[in-house]
Amino acid sequence: FFFWLWKMAKRALRELLRALQRYAPENKDVRTQVLEEFRRNVAAKGEGVEAGIALAKDYAFLLHSVNGHLDLLLDMNISTDRASRQRETVKKIARRVGLRTSYEDDLDD
């Protein structure tokens with residue numbers, strides 16, 4: 001039972017950290033807080049662990065959903081101009097491969 005619980009916690013933590021890395025790579029404080037919380041609850045047993053796993057899965061799902069909705073709004077050109085949408089797309093692609101763009105707002109990051 002504990003091996004199964006440990007495996008589920010590991011999977012939930014990985015999924016949450018990947019979502020944080022993809023959607024908020026500049027926010028290292030949240031990543032650190034998530035890791036500290038998981039380390040603190042490693043020795044815990046019972047409902048607390050299962051609730052923590054469910055919370056991590058729900059938060060990762062929320063990150064994916066909100067950013068998917070934002071991408072959908074940008075694709076539908078809701079309150080954005082074409083140039084800014086293209087700039088955001090180029091910046092996303094550059095970040096995924098570990099590069100930066102020469103846009104002014106990307107140089108400050």
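Residues numbered from 1 in each chain as written. Predicted model: local features only at pLDDT ≥ 70, side-chain atom pairs only at ≥ 80, totals over all residues. Heavy atoms only, no water.

**Comments concerning the overall build of the protein chain**
- Along the protein chain, the regular secondary structure elements total five helices and zero strands.
- Seen in sequence order, the protein chain has helices and strands lined up from the N terminus as α-α-α-α-α.
- Evaluated residue by residue, the protein chain yields a buried proportion of 22% over its 109 residues.
- Accessible surface, the protein chain as shown: approximately 8500 Å² in total, 57% of it carbon and sulfur. (Helix = DSSP H or I, 4+ residues; strand = E, 2+ residues; numbered from the N terminus. Buried < 20%, exposed > 50% of the residue type's maximum accessible area, 1.4 Å probe, protein only. Areas by Shrake-Rupley, 256 points an atom, 1.4 Å probe, with all protein chains shown as cover.)

**A short note on the nonpolar core**
- With 16 residues, the main nonpolar core has L13, L16, L17, L20, V34, I53 and L63 as its most contacted residues.
- The set of elements that each furnish at least two residues to this core consists of α1 (2–23), α2 (28–40) and α3 (47–75).
- The greatest single-element share of this core, amounting to nine residues, is contributed by α1.
- The contacts of L16, once residues within four sequence positions are left out, are V34, A56, Y59, A60 and L63. (Core = buried A, V, L, I, M, F, W, Y, C linked by side-chain atoms within 4.5 Å. Contact = heavy atoms within 4.5 Å.)

**Brief notes about the environment of H64**
- Take H64: it is sitting in helix α3.
- Taking relative accessible area as the criterion, H64 reaches 31% and is therefore assigned partly exposed.
- Separated by 45 residues in the primary sequence, H64 and A19 have C-alpha atoms spaced 6.9 Å apart.

**Quick word on a nonpolar patch on the surface**
- On the surface, a cluster of nonpolar side chains totalling about 270 Å² of accessible area is made up of Y59, L62 and V66.
- Topologically, L62 is positioned in helix α3.
- Residue class for L62 comes out partly exposed when judged on its relative accessible area of 46%. (Patch = residues over 30% accessible without salt bridge, like charges linked within 9 Å, V, L, I, M, F, W, Y side chains within 5 Å. Salt bridge = Lys/Arg side-chain N within 4 Å of Asp/Glu carboxyl O.)

**Topic: the pattern of salt bridges**
- Tallied over the entire structure, the rule returns two salt bridges.
- Two residues, D71 and K92, come together in a salt bridge whose shortest N-O distance is 2.1 Å. Pair noted here: D71 is in helix α3 and K92 is in helix α4 (residues 82–96), with a separation of 21 residues, a long-range link.
- Taking relative accessible area as the criterion, D71 reaches 25% and is therefore assigned partly exposed.
- E88 is the partner of K91 in a salt bridge, and the nearest nitrogen-oxygen pair spans 3.3 Å. Remark: E88 and K91 occur in helix α4; sequence separation between them is three residues, near one turn of the helix.
- Of the residues examined, K91 reaches a relative accessible area of 4% and is grouped as buried.
- Given a relative accessible area of 29%, E88 falls into the partly exposed group.

**Some words on the confidence of the model for the protein chain**
- When pLDDT is averaged along the protein chain, the result is 80; 81% of the residues meet or exceed 70.
- Here helix α5 (residues 104–107) stands out as the least confident element of the protein chain, with mean pLDDT 62; α1 is the most confident, with 86. (pLDDT = per-residue confidence, 0-100.)

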